[in-house]
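Overview (structure and organization)
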Amino acid sequence: MNLKSFDNKRIQVADPNGDVFEGVAEYCGAEYVDYLIGREVEAVQLANHIFCKDDIKFIREIKLFSAPYGLLEKNNAEEIGLIEDILLDHEDIYGIRMLAYLSDHPDLYGKELIPVLEKTIKYSDCARLTVLARRLLKQLQEE
């Protein structure tokens, strides 16, 4: 499996449990992975998730995401700090997908999410991300 060939491509990747994640792959060489997690093996990274070559059940390029959000967003929504990380420090597509997840689950954090959304609106240069953040912010403020 040539992980380098998936760099900057929209992919599905399955972990050893068969859980399938979607995102835009960033190829990570063995030295970089060793630096990050102490394993000298090639990997692909989707946002803040690293999938090491020897842990990948399957990987394939996809033309479109299968849904507006997926397991990656659900897992990252488990902590508000991870949500902030996705919205502010990763490719815009991850923020857009995270906001889609949060919009479908507004009670997850409720008003606690407001400062994160305000930061996203202030610092994002992605119009779509900003529009979605404003929409969710308004929804939370009206509750």
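For the structure itself, look to the data block above.
Quantities reported herein were computed from a predicted structural model and do not represent experimental measurements. (Residues numbered from 1 in each chain as written. Predicted model: local features only at pLDDT ≥ 70, side-chain atom pairs only at ≥ 80, totals over all residues. Heavy atoms only, no water.)

Within the chain, the regular secondary structure consists of six helices and six strands. The order of helices and strands in the chain, counted from the N terminus, is β-β-β-α-β-β-β-α-α-α-α-α. By its C-alpha atoms, the chain is 50 × 30 × 25 Å across when sized along the principal axes. Across the 143 residues of the chain, 41% fall into the buried class. Put simply, 56% of the contacts in the chain that link residues at least 6 apart link residues at least 24 apart. As presented, the chain carries roughly 8,000 Å² of accessible surface, and 47% of it is formed by carbon and sulfur atoms. Put simply, the chain has 17 plus and 27 minus side-chain charges, and the middle of one group is 7 Å from the middle of the other. (Helix = DSSP H or I, 4+ residues; strand = E, 2+ residues; numbered from the N terminus. Buried < 20%, exposed > 50% of the residue type's maximum accessible area, 1.4 Å probe, protein only. Contact = heavy atoms within 4.5 Å. Areas by Shrake-Rupley, 256 points an atom, 1.4 Å probe, with all protein chains shown as cover. Lys, Arg positive; Asp, Glu negative; His and termini not counted. Charge placed at Lys NZ, Arg CZ, Asp CG, Glu CD.)

To continue, consider the sheet that holds strand 3 (residues 26-28). As summarised here, the arrangement of the three strands in space is 3-4-5, forming an open sheet in which the pairing is antiparallel. Bordering the open sheet on either side are strand 3 and strand 5 (49-52), each of which pairs with just one other strand. Geometrically, the sheet is characterised by an average inter-axis angle of 30° between neighbouring strands, direction not taken into account. (Pairing = 2+ DSSP bridges. Axes fitted to C-alpha atoms, helices over the stretch in contact; angles between N-to-C directions.)

Taken together, the side chains of Asp7, Glu26, Glu91, Asp92 and Asp125 make up a negatively charged region of the molecular surface. Within the secondary structure, Glu26 sits in strand 3. (Patch = residues over 30% accessible without salt bridge, like charges linked within 9 Å, V, L, I, M, F, W, Y side chains within 5 Å. Salt bridge = Lys/Arg side-chain N within 4 Å of Asp/Glu carboxyl O.)

Glancing now at helix 5 (residues 114-123). Listed in full, the buried residues belonging to helix 5 are Ile114, Val116, Leu117, Thr120 and Ile121. The buried side chains of helix 5 occupy one side of the element, clustering within an arc of 160° when seen end-on. Within helix 5, the exposed residues directed more than 90 degrees away from the buried face are Lys122 and Tyr123. Contact partners of the buried residues in helix 5: helix 3 (80-89), helix 4 (92-104) and helix 6 (127-142). (Arc of directions from axis to C-beta.)

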